[in-house]
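Here is what each chain is made of, one letter per residue.
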Amino acid sequence: MRDKYYHIIPGGPLQGRVKLSGAKNAATKEIVASLLTTEECFLENVPHILDISLTLEMCQELGSQFVFEKHVLKIRTPKIQKPQVSKSYSGRNRIPILMVGPLLHRYGEAIVPVVGGDKIGRRPIDFHLSALEKMGAEINQKDNLYIIKAKRLHGAEIFLPYPSVGATENILLNGVLAEGRTIIRNAAIEPEIIDLVMVLQKMGAIIELKEDRTYIIDGVKNLRGFRHRVLPDRIEAGSFAAAAIASGGDIFIEGAEQINMVTFINKIRLVGGEIEVREGGIRFFNKKGSLRATNIETNTHPGFMTDWQPPFVVLLTQAHGESIIHETVFENRFGFTSELIKMGANIKLSTRCLGSLPCRFENKGFSHSCIVFGKTKLHGAKIKVPDIRAGFSYLIAASIAEGASEVFGVDHIERGYENIANKLRALGVKIKIKRNHASRDI
Ligand code: UD1
């Protein structure tokens, strides 16, 4: 373990003010949307994080020109130079498969690397591929690449077996320039997707969202440039909020939007945390110090978001009693708890559905439920981050533990959170970036 790591010394309850960055899960897709037009596109509030750099590199490889300064991105793709996203991007993020629509529309062919599974589940893309086929694409797989061809995509009626975020976005990106009408039933309606829909609408797309998770897209011939401000990151908001409540602190989260956090806020109240919605953000605080256990089931929007689950588990280690969490979105999202146990948490995993929501993982042997017995004192430890969202939850655990912690594998965190060490410092956490044991402040 001699790579880059964070050395964290807790500084008491987290207090102060933090400004949210733009949502990674919207910005990356909106950059992909810019590939649908030859005109210039402007995106504001784009976070400076690794996932954005990767997405921009991929676009550049395809023919985009861009300037990215002070959170404003100006991007234009006058011509698609080649239809292939390099294999080197395989497994780096979930973006290459979303580039298929723009490439097919503008080049007639798309070659993208096969996306692998990861620590939180298999993450297949069968819904994406079957939708593309329904819309007239011909798909072949060779040497870990998908080779996809279509002279012109046409509309189709697509029922998603599960409201997948990525598949919904992919069909939207395919449908806007397809010939005729595309209908997506049982689609996902996450705020980041609605933000993408707003971008596409600004570009000239015709997209209607019905009340029953159905999108109706009437294909148009051409799309134009756009100017858009990326919505604030509600996952980052949930993580800072969990940190405030778990530590007995008080944080004003600038940019947090109540409309996108309704389910989360309910759970904060149930555990005994307090909130105050103010102009420009939400204050999360815990003056009483004592918290009570609660149960959670993750779900697609408007349910409790799966990406809020890891920070909430850390929060629940500080609540008195037995909390039960049923993860229904990803089959393998509790691996991160082993490091929390190392820090003193009392957590048991179960393959049973410990909840009432319908669940695809019933009787499949996945440890997708978890019981947290609290309250437990956490102590500092050497821990390794398995994935991006677990990463932030470890920063919270280290910030409320007794004694110093060393958090390794921080690239996962930096892929998705901008300036995270400085933000935590402003809230009172003493955090240093270290590499090969030669430390430097950031
Ligand atoms: C996105 C988010 C991620 C979030 C997740 C759920 C991005 C970059 N990532 O991931 O942060 O946790 O939504 O809100 O925006 N599935 C299939 N076949 C498919 C597609 C999905 O079986 O073709 C399954 C997945 O394995 C998973 C479930 O559907 O069990 C949800 O996945 P999905 O909503 O597609 O997640 P992502 O778009 O990958």
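Predicted model, so just to flag it, every value in this text is computed and none were measured.

A. Inspection of the sheet that holds strand β13 (residues 227-229) at higher detail. Read from one edge to the other, the open sheet built from 4 strands follows the order β4-β5-β3-β13, with strand pairing classed as mixed. A single partner strand is all that each edge strand has here, and the edge strands are β4 (65-69) and β13. Strand-to-strand twist in this sheet, taken as the mean axis angle between neighbours without regard to direction, amounts to 10°. Of the strand pairs in this sheet, strand β3 (residues 41-44) and strand β5 (residues 72-76) are connected by 3 bridges, and their pairing is antiparallel. Across the sheet, residue Cys 41 finds its bridge partner in β5, namely Ile 75.

B. Broad picture of the environment of Phe 127. Looking at the secondary structure, you find Phe 127 in helix α4 (residues 126-134). Each C-alpha atom of the pair Phe 127 and Ile 189 lies 16 Å from the other, and the pair is 62 residues apart in sequence. Ignoring any residue separated from it by four or fewer positions in sequence, one finds Phe 127 in contact with Leu 160, Pro 161, Tyr 162, Ser 164 and Ala 167.

C. Geometry of the nonpolar core. In terms of nonpolar packing, the biggest core is built from 79 residues, with Met 99, Leu 104, Ile 148, Leu 172, Leu 200 and Ile 207 touching the most fellow members. In terms of residue count, the dominant contributor to this core is helix α2 (residues 50-62) (6 residues). Counting 70 residues, the second-largest nonpolar core is a separate cluster that includes Phe 240, Ala 243, Ile 275 and Ile 400.

D. The arrangement of helix α8 (residues 262-271) in detail. Within the span of α8, buried status applies to Phe 264, Ile 265, Lys 267, Ile 268 and Val 271. Here the buried residues of α8 occupy an arc of 160° about the axis, which is enough to place them on one side. Buried positions along α8 lie against α7 (234-246), β15 (274-278), β16 (281-285), β17 (291-292), β18 (296-297) and α9 (309-316).

E. Representation of the sheet that holds strand β7 (residues 138-142). Spatially, 3 strands are ordered β6-β8-β7 in an open sheet, and the strand pairing comes out antiparallel. The open sheet has two edge strands, β6 (109-113) and β7, and neither has a second partner. When strand polarity is set aside, the average angle formed by the axes of neighbouring strands in this sheet is 20°. Note: β6 against strand β8 (residues 145-149), 5 bridges, orientation antiparallel. Paired with Pro 113 across the bridge in β8 is Leu 145.

F. Structural context of the domain arrangement of the protein. Domain boundaries assigned for the protein yield domain 1 (5-21 + 232-440) and domain 2 (24-227). Each of domain 1 and domain 2 was reduced to a C-alpha centroid, and the two centroids are 30 Å apart. Summed over both partners, the interface of domain 1 with domain 2 buries about 2100 Å², with 51% contributed by carbon and sulfur atoms. For the interface between domain 1 and domain 2, the tally reads 2 salt bridges.

G. Focus on unusual backbone geometry. In this chain, His 301 is followed by Pro 302 through a cis amide linkage whose omega measures 10°. One can find Pro 302 in the loop between β18 and α9. Put simply, Gly 374 and Lys 375 share a cis peptide bond, and its omega is 0°. Take Lys 375: it is sitting in the loop between β21 (369-374) and β22 (382-384). A positive phi is found at Lys 70, a non-glycine position, where the angle reads about 45°. Within the element layout of this structure, Lys 70 appears in the loop between β4 and β5. With a relative accessible area of 77%, Lys 70 lands in the exposed category.

H. Spatial organisation of the pairing of β7. As judged from the 5 bridges shared by β7 and β8, these two strands associate in the antiparallel manner. The residue bridging Asn 140 from the neighbouring strand is Ile 147, located in β8. Following β7, the chain reverses through 2 residues before pairing antiparallel with β8; Asp 143 in that reversal takes a positive phi of roughly 50°.

Cut-offs applied
Residues numbered from 1 in each chain as written. Predicted model: local features only at pLDDT ≥ 70, side-chain atom pairs only at ≥ 80, totals over all residues. Heavy atoms only, no water. Pairing = 2+ DSSP bridges. Helix = DSSP H or I, 4+ residues; strand = E, 2+ residues; numbered from the N terminus. Axes fitted to C-alpha atoms, helices over the stretch in contact; angles between N-to-C directions. Contact = heavy atoms within 4.5 Å. Core = buried A, V, L, I, M, F, W, Y, C linked by side-chain atoms within 4.5 Å. Buried < 20%, exposed > 50% of the residue type's maximum accessible area, 1.4 Å probe, protein only. Arc of directions from axis to C-beta. Domains from an automatic or database assignment. Buried area = accessible area lost by both parts, 1.4 Å probe. Salt bridge = Lys/Arg side-chain N within 4 Å of Asp/Glu carboxyl O.

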